[in-house]
Amino acid sequence: MRVLTLTLAALIVLIQYPLWLGKGSWLRVWEVDQQIRAQRDTNRRLQARNGALEAEVRDLKVGREAIEERARSELGMIRQDEMFFQVLEAAPPTRGSEPPRP
C-alpha cells in the first residue's frame, strides 16, 4: 500500500511540474504579463509624445505664430521694426585678481 501511495504522489508531482515550472507555467505567464504592462506604459508615453509632435507639426504648417516663435527662440531673429538689446552680466572676479577700483 505504501508503494502505491508513493507512486501516486510521484505521478501527481510529475503532472504538476509543467503547470508550475514548465514552458507554459504560471511563472512564465506572470513574467509575460509584467512585460505586457511595461510595454503598454511605454506605448502610452510614446503616444503622448507623438500627439504633441503632431500638434506642433500641424501648428507649424498652419500658423505663422509658431514659426515666428521658433525663429525668435532658436535662431535669435527679430522683426524689421524692432530693436534688440543685449544685456551682458559682469563676469565674476577670478581667484587671485584684485577687485576693480572705483
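In this text the structure is predicted, and so the values were computed from the model without any measurement. (Residues numbered from 1 in each chain as written. Predicted model: local features only at pLDDT ≥ 70, side-chain atom pairs only at ≥ 80, totals over all residues. Heavy atoms only, no water.)

J.: Just to check I follow, could you spell out the overall build of the protein for this structure?
T.: Check the secondary structure of the protein and you find three helices and zero strands. In summary, the protein has a C-alpha radius of gyration of 35 Å against a globular reference of 13 Å for 102 residues, an excess of more than 25%. Structurally, the protein occupies a C-alpha span of about 110 × 55 × 15 Å along its principal axes. Approximately 10400 Å² of the protein is accessible, and the part contributed by carbon and sulfur atoms is 61%. Between the averaged position of the 16 positive side-chain charges in the protein and that of its 14 negative side-chain charges there is a distance of 13 Å. (Helix = DSSP H or I, 4+ residues; strand = E, 2+ residues; numbered from the N terminus. Rg over C-alpha atoms; globule rule 2.2 N^0.38 Å. Areas by Shrake-Rupley, 256 points an atom, 1.4 Å probe, with all protein chains shown as cover. Lys, Arg positive; Asp, Glu negative; His and termini not counted. Charge placed at Lys NZ, Arg CZ, Asp CG, Glu CD.)

J.: What's the story with a nonpolar patch on the surface in this structure? I'm lost.
T.: On the surface, Tyr 17, Leu 19, Trp 20, Leu 21, Trp 26 and Leu 27 cluster together to form a nonpolar patch covering roughly 680 Å² of accessible area. Elements that contribute at least two residues to the nonpolar patch include exactly helix 1 (2-21) and helix 2 (26-62). (Patch = residues over 30% accessible without salt bridge, like charges linked within 9 Å, V, L, I, M, F, W, Y side chains within 5 Å. Salt bridge = Lys/Arg side-chain N within 4 Å of Asp/Glu carboxyl O.)

J.: Looking at this structure, how should I read helix 1?
T.: Along its 20 residues, helix 1 runs 28 Å from first to last C-alpha, staying within 8% of the 28 Å computed at 1.5 Å per residue. At Ile 15, helix 1 is bent by approximately 30 degrees, the largest bend along its length, and proline Pro 18 sits one to four residues beyond. (Expected span 1.5 Å × (residues − 1). Bend = angle between axes of the 7 residues up to and from the residue.)

J.: Teacher, can you tell me more about the side chain of Ser 25 here?
T.: Along the polypeptide, Ser 25 turns up in the loop between helix 1 and helix 2. For Ser 25, the residues in contact, after removing those within four places along its chain, are Pro 18, Leu 19 and Trp 20. (Contact = heavy atoms within 4.5 Å.)

Such coordinate-based values are descriptive only and should not be taken to indicate function.
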